[in-house]
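# Architecture and fold: a report
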Amino acid sequence: LSDKIGVCLDPCHVSDGGYDIAGDLDGVLEEFDRTIGLDRLKAVHINDSLNPLGSHKDRHALIGQGTIGEEAILRVIAHPALAGLPFLLETPTDDAGHGEEIRRLRSALRHQRYLSPPRLRPLRLLHQHPPRQYLWPRPLPRPVIRWNS
């Protein structure tokens, strides 16, 4: 069974759990690899946190309006260890707000040459509250997410 279990990395949860994803992304990913294994990482949420590092709360914020910050989120999206994983925008806003965040992230990635933005595609994930938008690179199977090895 354990070979069929996957994990989703959530920057808000990581930061609120006491791991400095904004200041030491490489260290956080190394610790994740030692503890869980990067091979079990199947998706990454994209969000900011309303709380300070280590607060042990779960309060998502819009990108750049929290304690993690837009630069750190861009580093997460562009990190080579996370290449090829689906990134899902999970912020407390509506579809129009998600669209604006995706446009802003694409523009920042394009201007800072983090990665090739044409692969970014917003697609609606059904049966989620709040609505989530796919940011990168492909949609997951619907309605059930299955991780086959």
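The following refers to the structure shown. (Residues numbered from 1 in each chain as written. Predicted model: local features only at pLDDT ≥ 70, side-chain atom pairs only at ≥ 80, totals over all residues. Heavy atoms only, no water.)

Across all of its chains, the model carries three salt bridges by this definition. Linking R104 and E70 is a salt bridge whose minimum nitrogen-to-oxygen distance equals 2.9 Å. Highlighted residues: R104 in helix α4 (residues 95–112) and E70 in helix α3 (residues 70–78), separated in sequence by 34 residues. Residues E100 and R103 are paired through a salt bridge, measuring 3.5 Å at the closest nitrogen-oxygen approach. Of this pair, E100 and R103 both sit in helix α4, three residues apart, which is roughly one turn of the helix. Given the relative accessible area of 40%, E100 is considered partly exposed. (Salt bridge = Lys/Arg side-chain N within 4 Å of Asp/Glu carboxyl O. Helix = DSSP H or I, 4+ residues; strand = E, 2+ residues; numbered from the N terminus. Buried < 20%, exposed > 50% of the residue type's maximum accessible area, 1.4 Å probe, protein only.)

Here the largest pocket defines a volume of roughly 170 Å³. Lining the largest pocket are L9, H13, V14, Y19, V28, E31, F32, T35 and I36. Contributions of two or more residues to the lining of the largest pocket are made by α1 (11–16) and α2 (25–35). Among the elements that make up the lining of the largest pocket, the one with the highest residue count is α2 (four residues). Residues of the lining of the largest pocket, tallied by class, amount to six nonpolar, two polar and one charged. (1 Å grid on protein atoms, 1.4 Å probe; cavity = no way out; pocket = protein on both sides within 12 Å on 5 of 7 lines; lining within 4 Å. Points joined across faces, edges and corners; volume = space filled by probe spheres on them. Nonpolar A, V, L, I, M, F, W, Y, C, P; charged D, E, K, R; others polar.)

Orientation of α3 relative to α4, taken along the N-to-C sense of each, is 75°, at an axis distance of 11 Å. Judged by the angle between their axes, α3 and α4 are roughly perpendicular. On the side of α3, the interface is formed by E70, E71, L74 and I77, while α4 contributes R104, L105, A108, L109 and Q112. The residue makeup of the contact of α3 with α4, split by class, is five nonpolar, one polar and three charged. (Axes fitted to C-alpha atoms, helices over the stretch in contact; angles between N-to-C directions. Parallel < 35°, antiparallel > 145°, perpendicular 65-115°, else oblique. Contact = heavy atoms within 4.5 Å.)

Here we come to the side chain of D16. Along the polypeptide, D16 turns up in helix α1. Setting aside chain neighbours within four positions, we find D16 in contact with S49, N51, P52, G54, S55, H56, K57, D58 and R59.

Another point: the nonpolar core. Among soluble globular proteins, nonpolar side chains are generally buried collectively. Grouped together as the largest cluster of nonpolar side chains are 25 residues, with contacts concentrated most on V44, I46, V76, L82 and F87. Residue assignment for this core shows that the elements contributing at least two residues are α2, β2 (41–46), α3, β5 (87–89) and α4. Top element by residues in this core is α3. It accounts for five residues. (Core = buried A, V, L, I, M, F, W, Y, C linked by side-chain atoms within 4.5 Å.)

The next point concerns the environment of D48. Among the secondary structure elements, D48 is positioned in strand β3 (residues 48–49). Judged by its relative accessible area of 0%, D48 falls in the buried class. Along the backbone, D48 and E90 are 42 residues apart, and their C-alpha atoms lie at a distance of 8.9 Å. Side-chain polar atoms of D48 contact the backbone nitrogen of G66, separated by 3.2 Å. (Polar contact = N/O pair within 3.5 Å; in protein donor to acceptor, adjacent residues only side chain to side chain.)

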